[in-house]
Amino acid sequence: MSTSIKQPQVITCKAAVAWGAGQPLVVEEVEVNPPQPEEIRIKVVCTSLCRSDITAWETQAIFPRIFGHEASGIVESVGPGVTEFNEGEHVLTVFIGECKTCRQCKSDKSNTCEVLGLERRGVMHSDQQTRFSIKGKPVYHYCAVSSFSEYTVVHSGCAVKVSSIAPLEKICLLSCGLSAGLGAAWNVADISKGSTVVIFGLGTVGLSVAQGAKARGASRIIGVDTNPEKCEKAKAFGVTEFLNPNDNNEPVQQVIKRITDGGADYSFECIGDTGMITTALQSCCDGWGLAVTLGVPKLKPEVAAHYGLFLSGRTLKGSLFGGWKPKTDLPSLVNRYLKKEFMVDEFITHNLLFEDINQAFNLMKEGKCLRSVIHMPK
């Protein structure tokens with residue numbers, strides 16, 4: 001329980017506000033309400049830009065809005081009923097929570113909390129209201145996190161307490177993309193030693209799958225991307241072979257089946273393109289081939305595949321946050337990073353000041369970065 005006797009007040013701070021789809025963010029003065037029951041208010045230290053922020057910013061209709069969900073920070077205040085967190089503790093935000101009491105949380109087969117699942121309406125889980133406003137008018141949340149603000153309010157089930165010795169400017173990556181890739185390899189696919197793996201899309205998530213596959217002893221890790229600059233960079237993360245679909249006259253799934261003697265043991269779709277899910281399925285071998293989809297599609301959410309792909313023994317699995325239960329699993333994942341069991345720092349290609357946040361969007365849209373870490377004002 002917090003030792004503070006003062007009641008949290010409204011905070012006025014700076015936030016990068018999106019006023020319309022695809023429009024540059026504007027750094028504005030916003031009011032951030034005190035945390036309500038079971039909520040905490042966080043001083044954001046660092047936040048990194050994830051591809052799904054861009055997808056939502058380009059395609060969704062809820063504005064004005066504060067995006068950002070991959071973040072680290074320090075607890076500033078706690079709301080009534082919160083006993084798990086104290087002011088000053090270090091936390092990661094998470095876009096799916098863990099209540100620990102619902103059917104999904106109690107099952108070891110799922111990480112999709114029924115109470116604190118993916119929030120799509122731009123409000124808080126508890127009361128369907130916002131905690132942000134400008135001149136009395138609401139500003140909407142994103143994924144119930146909204147880390148492109150100096151301060152944000154999240155449900156206590158959507159924050160994870162982490163070791164105070166872990167560098168906040170690095171571990172913010174573990175609150176989404178990097179964990180999603182590692183978990184897809186380790187938890188969802190459970191890659192076996194000596195197997196052949198193909199990965200479609202070599203951004204942060206795809207390269208995280210690659211390093212997860214390498215750690216599991218995969219013998220071949222084939223990376224597929226249309227950006228030729230990713231070929232050399234991918235090798236550092238475990239990719240053993242690189243395919244650019246634009247360099248071949250035959251469909252890439254046929255190339256993969258030919259060079260793998262019938263298809264890969266595992267394939268991962270890390271782009272967010274439902275057409276590529278079909279390609280990933282077709283790239284797997286008969287009998288036991290497993291395709292895992294991690295991407296968030298911009299268009300055409302339906303997946304089309306010939307039933308024969310399944311009849312011959314292939315499996316298609318979805319992966320949300322790599323199967324990790326955030327509050328249960330993330331602290332130990334942070335500790336494994338501190339023991340240098342996997343790479344995090346190497347994914348950070350740019351460090352930017354908060355006022356340069358639009359540059360992070362441009363870098364990702366142009367394919368010139370893996371992760372840009374945005375440092376909030378001290």
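Residues numbered from 1 in each chain as written. Predicted model: local features only at pLDDT ≥ 70, side-chain atom pairs only at ≥ 80, totals over all residues. Heavy atoms only, no water.

### Description of the nonpolar core
Part 1 of the reasoning: Ranked by internal contacts, the top residues of the largest apolar core, which has 95 residues, are F148, I171, L174, I191, I199, F268 and F342.
Part 2 of the reasoning: Here the element with the most residues in this core is helix α4 (residues 177–188); it accounts for six residues.
Part 3 of the reasoning: When residues of this core are assigned to domains, at least three map to each of domain 1 (54–159 + 167–177 + 323–375) and domain 2 (178–322).
Part 4 of the reasoning: With sequence-adjacent residues up to four places away left out, I191 is seen in contact with A185, V197, A213, R216, A218, Y266 and F268.
Part 5 of the reasoning: Counting 15 residues, the second largest nonpolar core, distinct from the first, contains V255, M276, L281 and C284. (Core = buried A, V, L, I, M, F, W, Y, C linked by side-chain atoms within 4.5 Å. Buried < 20%, exposed > 50% of the residue type's maximum accessible area, 1.4 Å probe, protein only. Helix = DSSP H or I, 4+ residues; strand = E, 2+ residues; numbered from the N terminus. Domains from an automatic or database assignment. Contact = heavy atoms within 4.5 Å.)

### Some remarks on the UniProt feature "domain: Alcohol dehydrogenase-like C-terminal" (unreviewed entry) in the protein chain
Part 1 of the reasoning: Feature annotation in UniProt places "domain: Alcohol dehydrogenase-like C-terminal" (unreviewed entry) on residues 205–331, given in this structure's numbering.
Part 2 of the reasoning: Secondary structure over residues 205–331 splits into 35% helix and 16% strand, and the C-alpha atoms at its two ends are 20 Å apart. (UniProt positions renumbered as here; feature names shortened; annotations may be inferred.)

### Description of the environment of A185
Part 1 of the reasoning: Structurally, the position occupied by A185 is in helix α4.
Part 2 of the reasoning: Sequence separation between A185 and L330 is 145 residues, and the spatial gap between their C-alpha atoms is 16 Å.
Part 3 of the reasoning: Sequence-distant contacts of A185, that is, excluding residues within four places in its chain, are made with D190, I191, V209, G212, A213, R216 and F268.

### What to know about the packing of helix α1 (residues 51–59) against helix α11 (residues 357–365)
Part 1 of the reasoning: For the pair α1 and α11, the least separation of the axes is 11 Å and the interaxial angle reads 100°. Considering the angle they form, α1 stands roughly perpendicular to α11. Together, R51, I54, W57 and E58 of α1 and F361, M364 and K365 of α11 make up the contact between the two elements.
Part 2 of the reasoning: Residues belonging to the contact of α1 with α11 are distributed by class as follows: four nonpolar, no polar and three charged. (Axes fitted to C-alpha atoms, helices over the stretch in contact; angles between N-to-C directions. Parallel < 35°, antiparallel > 145°, perpendicular 65-115°, else oblique. Nonpolar A, V, L, I, M, F, W, Y, C, P; charged D, E, K, R; others polar.)

### Some details on the UniProt feature "domain: Alcohol dehydrogenase-like N-terminal" (unreviewed entry) in the protein chain
Part 1 of the reasoning: When the UniProt feature table is mapped onto this chain, "domain: Alcohol dehydrogenase-like N-terminal" (unreviewed entry) is found at residues 37–162.
Part 2 of the reasoning: For residues 37–162, helix accounts for 10% and strand for 29%, while the C-alpha atoms at its two ends are 22 Å apart.

### Some words on the sheet that holds strand β13 (residues 266–269)
Part 1 of the reasoning: Strand order across the open sheet formed by six strands is β12-β11-β10-β13-β14-β15, with parallel pairing between neighbours. Strands with a single pairing partner mark the edges of an open sheet, and in this sheet they are β12 (241–243) and β15 (315–318). Averaged over all adjacent pairs, the angle separating strand axes in this sheet is 20°, with direction ignored.
Part 2 of the reasoning: Looking at chain direction, strand β10 (residues 196–200) and β13 are connected through four bridges and run parallel. (Pairing = 2+ DSSP bridges.)

### Focus on the pairing of strand β4 (residues 70–78)
Part 1 of the reasoning: Of all nine residues in β4, seven are buried; the element is thus mostly enclosed.
Part 2 of the reasoning: Sheet topology note: the strand β3 (residues 39–48)/β4 ladder contains eight bridges and is antiparallel. Residue I40 lies in a different strand from β4, and its bridge partner there is V78.
Part 3 of the reasoning: As defined by bridge partners, β4 adjoins strand β5 (residues 90–93) across three bridges and the pair is classed as antiparallel. Across the sheet, residue S72 finds its bridge partner in β5, namely L92.

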